[in-house]
Amino acid sequence: MKIAIAGATGVVGRHTVAAAEAAGHEVVPLSRSAGHDILDAAATATALDDVQALIDVTSVATIKGRESVEFFERGTRALLEAERLAGVPHHVALSIVGIDDIDDGYYAGKLAQERVLTAEHGAVDWTVLRATQFHEFAEQTLVRATIGPVTVAPKALVRTVAAREVGARLAELAAGAPAGRASDLAGPEQASLADLMRQMLQHDGARRRLVEARLPGAFGRGMASGSLAGEPDADRGSITFDAWLDSADHTRVV
Ligand SMILES: NC(=O)c1ccc[n+]([C@@H]2O[C@H](COP(=O)([O-])OP(=O)(O)OC[C@H]3O[C@@H](n4cnc5c(N)ncnc54)[C@H](OP(=O)(O)O)[C@@H]3O)[C@@H](O)[C@H]2O)c1
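Attention here is on the structure that accompanies the text. (Residues numbered from 1 in each chain as written. Predicted model: local features only at pLDDT ≥ 70, side-chain atom pairs only at ≥ 80, totals over all residues. Heavy atoms only, no water.)

## A short note on the overall build of the protein chain
Piece 1. Across its full length, the protein chain holds nine helices and 13 strands.
Piece 2. For the protein chain, the C-alpha radius of gyration of 18 Å lies close to 18 Å, the compact-globule estimate for 254 residues.
Piece 3. C-alpha extents for the protein chain along the principal axes are approximately 50 × 35 × 35 Å.
Piece 4. Within the protein chain, the proportion of its 254 residues that are buried is 52%.
Piece 5. In the protein chain, 82% of the contacts between residues at least 6 apart in sequence involve partners at least 24 apart.
Piece 6. Mean positive and mean negative side-chain charge positions of the protein chain (25 and 34 charges, respectively) differ by 8 Å. (Helix = DSSP H or I, 4+ residues; strand = E, 2+ residues; numbered from the N terminus. Rg over C-alpha atoms; globule rule 2.2 N^0.38 Å. Buried < 20%, exposed > 50% of the residue type's maximum accessible area, 1.4 Å probe, protein only. Contact = heavy atoms within 4.5 Å. Lys, Arg positive; Asp, Glu negative; His and termini not counted. Charge placed at Lys NZ, Arg CZ, Asp CG, Glu CD.)

So, in structure tokens, the structure goes:
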């Protein structure tokens, strides 16, 4: 079948494209770098001829709640409008495990995305997969939270999962019937984000000072609360952080 992937060039988007293609689907990749801004519903609709499902793995790099809410609300509404115009029957979105009580910072946007989808989907049926932080989140945090020689690791208990396994699950869900809230997907092991980042620096031979700190406000409190690691009944990925570090999916820090 034909599957559109919004955010096709991103960390999980690249794996989602690969998994959908490996399963024999035709992929329509959507990203600004390929000339598609999802905020333009009419233009997006023209790319969705015969598309049977659209997977939304777009993101915005911010920890400001207002910016995150604006991006995910506008983006989800625009994609739903494009799907309505083009007759796409199934919208698949990726959200984050354990954020219900963290209506702040980046997570406020993810909760807003889920609310828009459930309340405004109209004739477009939906599936939402919540996944834990990716192993790649440790890399993303290293890049975003390094000031000079010091990296700040936000205090958080996590159960990271390989983006590769999340992409594969999204491709499977898109090929199936709309499922509403799908089973959560978590990683195989629980750890503090700071320990994972230290392990990565050591693995890559990077000399850098890493300081663990609780981020301010409700966002920081939520990250530190342990809820991001999810519940014991979540489905589990099988690729460990160690195995991922040794794989081609990991971009070395040095
Ligand atoms: N990172 C994690 O640990 C994690 C865990 C669970 C769930 N998630 C969710 O997974 C999703 C993807 O995260 P990620 O880390 O893979 O993101 P990412 O690497 O930052 O990639 C974001 C993608 O969105 C595209 N994009 C952004 N704005 C766009 C626009 N206006 N129009 C079209 N494309 C646009 C980007 O391409 P261009 O810049 O070329 O437009 C890129 O392909 C997010 O919704 C996130 O909340 C992430």
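Read on, since the account is not over.
## Looking at helix 3 (residues 65-86)
Piece 1. The first and last C-alpha atoms of helix 3 sit 31 Å apart over 22 residues, in line with the 32 Å expected at 1.5 Å per residue.
Piece 2. All buried positions along helix 3 are accounted for by Ser-68, Phe-71, Phe-72, Gly-75, Thr-76, Ala-78, Leu-79, Leu-80, Ala-82 and Glu-83.
Piece 3. On its buried face, helix 3 sits against strand 1 (2-6), helix 2 (41-46), strand 3 (53-56), strand 4 (90-96) and helix 4 (105-120).
Piece 4. After helix 3 finishes, the residue Gly-87 shows a positive phi value of roughly 75 degrees. (Expected span 1.5 Å × (residues − 1).)

## Some remarks on the sheet that holds strand 12 (residues 209-213)
Piece 1. Sheet architecture is open: three strands sit in the order 6-7-12, paired in mixed fashion. With one partner strand each, in any of the chains shown, strand 6 (146-147) and strand 12 form the two edges of the open sheet.
Piece 2. Direction of pairing for strand 6 relative to strand 7 (residues 150-154): antiparallel, over a ladder of two bridges. Residue Ile-147 lies in a different strand from strand 7, and its bridge partner there is Val-150. (Pairing = 2+ DSSP bridges.)

## Things to note about the packing of aromatic side chains
Given two aromatic rings, one states the distance between the centres and the angle between the planes to describe the pair.
Piece 1. Summed over all chains, the structure comprises five aromatic pairs.
Piece 2. For the ring pair Phe-72 and Tyr-106, a centre distance of 5.7 Å and an interplane angle of 85 degrees mean the geometry is edge-to-face. Within this pair, whereas Phe-72 is found in helix 3, its partner Tyr-106 is found in helix 4, the two being separated by 34 residues in sequence.
Piece 3. With relative accessibility at 1%, the residue Phe-72 sits in the buried group.
Piece 4. Relative to Phe-219, the ring of Tyr-107 has its centre 5.1 Å away and its plane inclined at 45 degrees; by these criteria the two rings are tilted. Of this pair, Tyr-107 sits in helix 4 while Phe-219 sits in helix 8 (residues 217-224), and the two are 112 residues apart along the sequence. Both residues of the pair, Tyr-107 and Phe-219, belong to the buried class.
Piece 5. An aromatic cluster is built from Phe-71, Phe-72, Tyr-106, Tyr-107 and Phe-219, whose rings are joined through pairwise contacts. (Phe/Tyr/Trp six-rings, centres within 6.5 Å; stacked < 30°, edge-to-face > 60°.)

## A short note on the packing of helix 3 against helix 4
Piece 1. Packing of helix 3 against helix 4 leaves a shortest axis separation of 7 Å and a crossing angle of 25 degrees. Overall, the two elements helix 3 and helix 4 adopt an arrangement that is roughly parallel. Like other packed secondary-structure pairs, helix 3 and helix 4 cross with a definite hand, here right-handed. Counting all contacts with helix 3, which are made through Gly-65, Ser-68, Val-69, Phe-72, Glu-73, Thr-76, Arg-77 and Leu-80, the residues of helix 4 involved are Gly-105, Tyr-106, Ala-108, Gly-109, Lys-110, Ala-112, Gln-113, Val-116, Leu-117 and Glu-120.
Piece 2. A per-class count over the contact of helix 3 with helix 4 returns eight nonpolar, six polar and four charged. (Axes fitted to C-alpha atoms, helices over the stretch in contact; angles between N-to-C directions. Parallel < 35°, antiparallel > 145°, perpendicular 65-115°, else oblique. Left-handed = near helix turned anticlockwise from the far one by under 90°. Nonpolar A, V, L, I, M, F, W, Y, C, P; charged D, E, K, R; others polar.)

## Comments concerning the site of the ligand
Piece 1. Lining the immediate environment of the ligand, one finds 28 residues, of which Thr-9, Arg-32, Ser-33, Tyr-106 and Lys-110 sit closest.
Piece 2. In the model, a nitrogen atom of the ligand is placed 2.9 Å from a nitrogen or oxygen of the Ile-38 main chain.
Piece 3. A distance of 2.6 Å separates an oxygen atom of the ligand from a polar atom in the side chain of Tyr-106.
Piece 4. Those elements that place two or more of their residues in the shell around the ligand are helix 1 (11-22), helix 3, strand 4, helix 4 and helix 5 (136-144).
Piece 5. Counting residues per element, the shell around the ligand draws most heavily on strand 4, at three residues. (Near = heavy atom within 4 Å. Polar contact = N/O pair within 3.5 Å; in protein donor to acceptor, adjacent residues only side chain to side chain.)

## As for the pairing of strand 5 (residues 125-131)
Two faces belong to every sheet, and in a regular strand the side chains alternate between them.
Piece 1. Burial analysis of strand 5 places six of its seven residues in the buried class, which makes it a mostly covered element.
Piece 2. Where strand 4 lies against strand 5, seven bridges are found, and the strand directions are parallel. Bridging across to strand 5, His-91 finds its partner in Trp-126.
Piece 3. For the handedness criterion, the β-α-β arrangement of strand 4, helix 4 and strand 5 is classed as right-handed.
Piece 4. Where strand 5 lies against strand 9 (residues 180-181), two bridges are found, and the strand directions are parallel. Within strand 9, the position partnered with Thr-127 by the bridge is Gly-180. (Right-handed = clockwise from strand over helix to strand, strands pointing away.)

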